[in-house]
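Structural overview
Next come the chains, spelled out residue by residue.
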Amino acid sequence: MATERQLSRRSLLGAAGAGAVGLTASTAGTAAAATRTADVCVVGAGLAGLTAARDLVAAGTSVVVLEARDRVGGRVLNLSLANGGFTEGGGEFIGPTQDRIKALADSLGVATFATYNTGKNLLYKDGKKTPYATDGLLGSVPPIDAAGLANAAIVQATLDDLAKQIPVDAPWTAARADEWDRQTFETWLRANAVIPSAKFLFDVACTSVFSAEPRELSFLFVLFYIAAAGNASNPGTLERLTETAGGAQELRFAGGSQQVPIKLAATLGDRVVLNAPVRSITKSGSQYVVTADGTTVTARRVVVAVPPPIAARITYDPVLPAARDQLTQRLPMASVGKAIAIYDTPFWRADGLNGQVVSDSGVVSSTFDNSPPDASYGALMGFIEADEARRFDAASEAEVRAAVLKDYATYFGEKAASPSAFVLQRWNNETYTRGGPVSIAGPGVLTQYGPALRRPVGGIHWAGTETSTYWIGYMDGAVRSGERVAKEVLAAL
């Protein structure tokens, strides 16, 4: 497979799908030695940074966006295929209440289509495959034993009820925040998901949603994440996080999700400078000097719109307040990769399957049908997450491919063992991301350091999906954070 650098250059220049509007030499800045001045310098050309830049420019503010990679999109990436198609290597799904990413896509002319969800899911547990319908009385809950189902229903209802007590703009102020932040999600599950089959369901849900193990997560952080899976009119629910129809995996973008940041960046023209990793942000009088490879920007305000662990690698002068620095020390990225196998046809559909699997074993424990809407070829996408992602971080691509295809063949038969192409995106190994899809909080982090998450430091402002109040960890959260920080900056200028 081509490296991310090779793939991203093609995506940037328009290979992200039919009708892509890419940045070109005439519309994108390069990191040639340059000194620029602007009202605002935005660090990071993902959805958060680009959205902030859009709103600032619309308000008449001069902006320069510095992006470390040779492409825009951050954790959103289309990967080109040898057959002329593409697949998504990062964020790709949207669903109900994700209003801001949908509005942005609509404004850019990027349409959506339904994630393939016709036919039965597969449960692979204890070495046995069980197809099950997703439209029954229990929705898409896998067919485990009756005691497990009853226990799981109680646990899910309890999680949703507790999440309603979380203020999404300040989860650390919840009445029971200290109690919930003292324990991991694993500890809480062991005390509540007492039937092994029920515990299995929530373990899989946890790795699927967070790309982290339950032992890594503060229970308060989990409740906040559930509360954030909604909007001002609709309380968040666990079901909205995990479901396809009616949930966060309901829709995909025509042309691939990276179409959105590519088209948005095109509207900003040479305000976006690529190949410009920011090394330092220094206060100089009433302004800030942002130094990147080959480019220096002097600005009145700075928006840092990159993952917290990456923001922590920038040198700040003066140094950041201890609370902010301690926060970023405690917000590691989760661990995730995506493996996509390409076939001549989506052959599993003929067997009445929708391509979605829930498994208790293997390197891939959840899959989706990533085929294009016209089914001109088949694509099976599997998430490699948490412990499994870390286990394969140092493995060769051939080793990962062999492990993944073994799982696919177990789930879908021997045809799945021989794809026409295979692409792999391992976010843990990406220099400017180092994991995904989101930074995670362990016990004690939100209650002790949470207030520093969005609090500006002088003229430095923070954006990114981790700073959102709704849909943290999702593309919608990134867009919301960009809109929020733009208003914050405009009020301060």
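It should be emphasised that the depicted structure is a prediction, and the values quoted were computed from it without experimental measurement.

Remarks on the overall build of the protein chain
For the protein chain, the helix and strand inventory stands at 16 helices and 19 strands. For 493 residues, the compact-globule formula gives about 23 Å, and the C-alpha radius of gyration of the protein chain, at 22 Å, lands near that figure. Along the three orthogonal principal directions, the C-alpha set of the protein chain runs to about 65 × 55 × 40 Å. Taking all 493 residues of the protein chain together, the buried fraction comes to 60%. Roughly 17,900 Å² of accessible area belongs to the protein chain as shown, and the carbon and sulfur atoms make up 52% of that amount. Seen as two clouds, the 45 positive and the 47 negative side-chain charges of the protein chain have centres 4 Å apart.

Let's talk about the packing of helix α6 (residues 185-192) against helix α7 (residues 196-210)
Where α6 contacts α7, the axes come no closer than 10 Å and their chain directions differ by 160 degrees. With respect to α7, the axis of α6 lies roughly antiparallel. Viewed along their axes, α6 and α7 form a crossing whose handedness is right-handed. Residues Phe185, Glu186, Leu189 and Arg190 of α6 form the contact with α7, whose participating residues are Lys199, Phe202, Asp203 and Cys206.

Concerning the packing of helix α3 (residues 99-108) against helix α16 (residues 475-492)
One way to put it is that α3 packs onto α16 with a least axis distance of 7 Å and a crossing angle of 80 degrees. Taken together, the axes of α3 and α16 lie roughly perpendicular to each other. Across from Asp99, Arg100, Ile101 and Leu104 in α3, the residues of α16 making contact are Met475, Asp476, Val479, Arg480 and Glu483. Considering only residue class, the contact of α3 with α16 consists of four nonpolar, no polar and five charged.

Observations regarding the packing of aromatic side chains
This model, assessed by the stated rule, comprises 18 aromatic pairs. Ring geometry for Phe210 against Tyr225: centres 4.5 Å apart, planes inclined by 50 degrees, an arrangement best described as tilted. Placement of Phe210 in helix α7 and of Tyr225 in helix α8 (residues 219-227) is noted, with a sequence separation of 15 residues between them. Overall, Tyr225 belongs to the buried group, its relative accessible area being 1%. One aromatic cluster in this structure is built from Tyr124, Tyr343, Phe347, Trp348, Tyr411 and Phe412. One residue, Arg324, lies across the ring of Trp462, its end atom 3.7 Å from the ring centre. Sitting over the ring of Tyr116, Arg349 keeps its end group 3.6 Å from the ring centre.

Concerning α16
When the terminal C-alpha atoms of α16 are compared, their 26 Å separation across 18 residues agrees well with the 26 Å that a helix rising 1.5 Å per residue should span. Residues of α16 that are buried: Met475, Asp476, Gly477, Ala478, Val479, Arg480, Ser481, Gly482, Glu483, Val485, Ala486 and Val489. Considering only its buried residues, α16 is in contact with β1 (34-43), α2 (47-58), α3, β8 (251-253), β12 (295-304) and β19 (460-462).

Here we look at the pattern of salt bridges
Taken as a whole and judged by the stated rule, the model has 24 salt bridges. A salt bridge links Arg54 to Asp55; the shortest N-O distance between them is 2.7 Å. Linked by salt bridges that have partners in common, Arg54, Asp55, Arg100 and Glu483 make up one network.

As for unusual backbone geometry
The peptide bond linking Asp317 to Pro318 adopts the cis configuration, its omega dihedral lying at 5 degrees. Note that the residue after Gly436, namely Pro437, is joined by a cis bond; omega there is 0 degrees. At Ala386, a position not held by glycine, the phi torsion is positive, near 55 degrees. For Ala386, the position within the fold is in helix α13 (residues 386-391). Located in the positive-phi region is Arg434, a residue other than glycine, with phi close to 60 degrees. By the element assignment, Arg434 lies in the loop between β18 (421-426) and α15 (445-449).

Quick look at helix α4 (residues 146-163)
If you check α4, its first and last C-alpha atoms are 26 Å apart, about what 18 residues at 1.5 Å a residue would give, namely 26 Å. For α4, the complete set of buried residues consists of Gly148, Leu149, Asn151, Ala152, Val155, Leu159, Asp160, Leu162 and Ala163. In an axial view of α4, the angular spread of the buried residues amounts to 165 degrees, which keeps them on one side of the axis. In α4, the exposed residues that point more than 90 degrees away from the buried face are Ala146 and Ile154.

Quick word on the nonpolar core
Among the nonpolar cores identified, the biggest contains 60 residues, and Leu159, Phe185, Phe210, Leu217, Phe221, Tyr225 and Leu241 are the most heavily contacted of them. Of all the secondary-structure elements, those providing two or more residues to this core are α4, α5 (177-181), α6, α7, α8, α9 (238-242) and α15. Per-element accounting of this core gives the leading share, nine residues, to α8. Residues Ala45, Val65, Val303 and Val485 belong to the second largest nonpolar core, which totals 37 residues.

Some details on the pairing of strand β7 (residues 128-132)
Of the strand pairs in this sheet, strand β6 (residues 120-125) and β7 are connected by five bridges, and their pairing is antiparallel. Of the residues in β7, the one forming a bridge with Lys125 is Lys128. Counting the residues in the hairpin turn of β6 and β7 gives two residues, including Asp126, whose phi is positive at 55 degrees.

Digging into the confidence of the model for the protein chain
As a note on interpretation, predicted positions should not be read in detail where pLDDT is low. Taken as a whole, the protein chain shows an average pLDDT of 93; of its residues, 92% reach a score of 70 or greater. In this model residues 1-27 is a low-confidence stretch, pLDDT under 50, and it forms 66 contacts with partners more than four residues away in sequence or in other chains.

Side note on the side chain of Ser481
Locating Ser481 in the fold gives a position in helix α16. Reaching out from Ser481, the side chain makes a polar contact with the backbone oxygen of Ala478 at a distance of 2.8 Å. In contact with Ser481, other than residues within four places in its own chain, are Ala48, Ala463, Gly464, Thr465 and Thr467.

Calculation rules
Residues numbered from 1 in each chain as written. Predicted model: local features only at pLDDT ≥ 70, side-chain atom pairs only at ≥ 80, totals over all residues. Heavy atoms only, no water. Helix = DSSP H or I, 4+ residues; strand = E, 2+ residues; numbered from the N terminus. Rg over C-alpha atoms; globule rule 2.2 N^0.38 Å. Buried < 20%, exposed > 50% of the residue type's maximum accessible area, 1.4 Å probe, protein only. Areas by Shrake-Rupley, 256 points an atom, 1.4 Å probe, with all protein chains shown as cover. Lys, Arg positive; Asp, Glu negative; His and termini not counted. Charge placed at Lys NZ, Arg CZ, Asp CG, Glu CD. Axes fitted to C-alpha atoms, helices over the stretch in contact; angles between N-to-C directions. Parallel < 35°, antiparallel > 145°, perpendicular 65-115°, else oblique. Left-handed = near helix turned anticlockwise from the far one by under 90°. Contact = heavy atoms within 4.5 Å. Nonpolar A, V, L, I, M, F, W, Y, C, P; charged D, E, K, R; others polar. Phe/Tyr/Trp six-rings, centres within 6.5 Å; stacked < 30°, edge-to-face > 60°. Lys NZ or Arg CZ within 6 Å of the ring centre and 35° of its normal. Expected span 1.5 Å × (residues − 1). Salt bridge = Lys/Arg side-chain N within 4 Å of Asp/Glu carboxyl O. Arc of directions from axis to C-beta. Core = buried A, V, L, I, M, F, W, Y, C linked by side-chain atoms within 4.5 Å. Pairing = 2+ DSSP bridges. pLDDT = per-residue confidence, 0-100. Polar contact = N/O pair within 3.5 Å; in protein donor to acceptor, adjacent residues only side chain to side chain.

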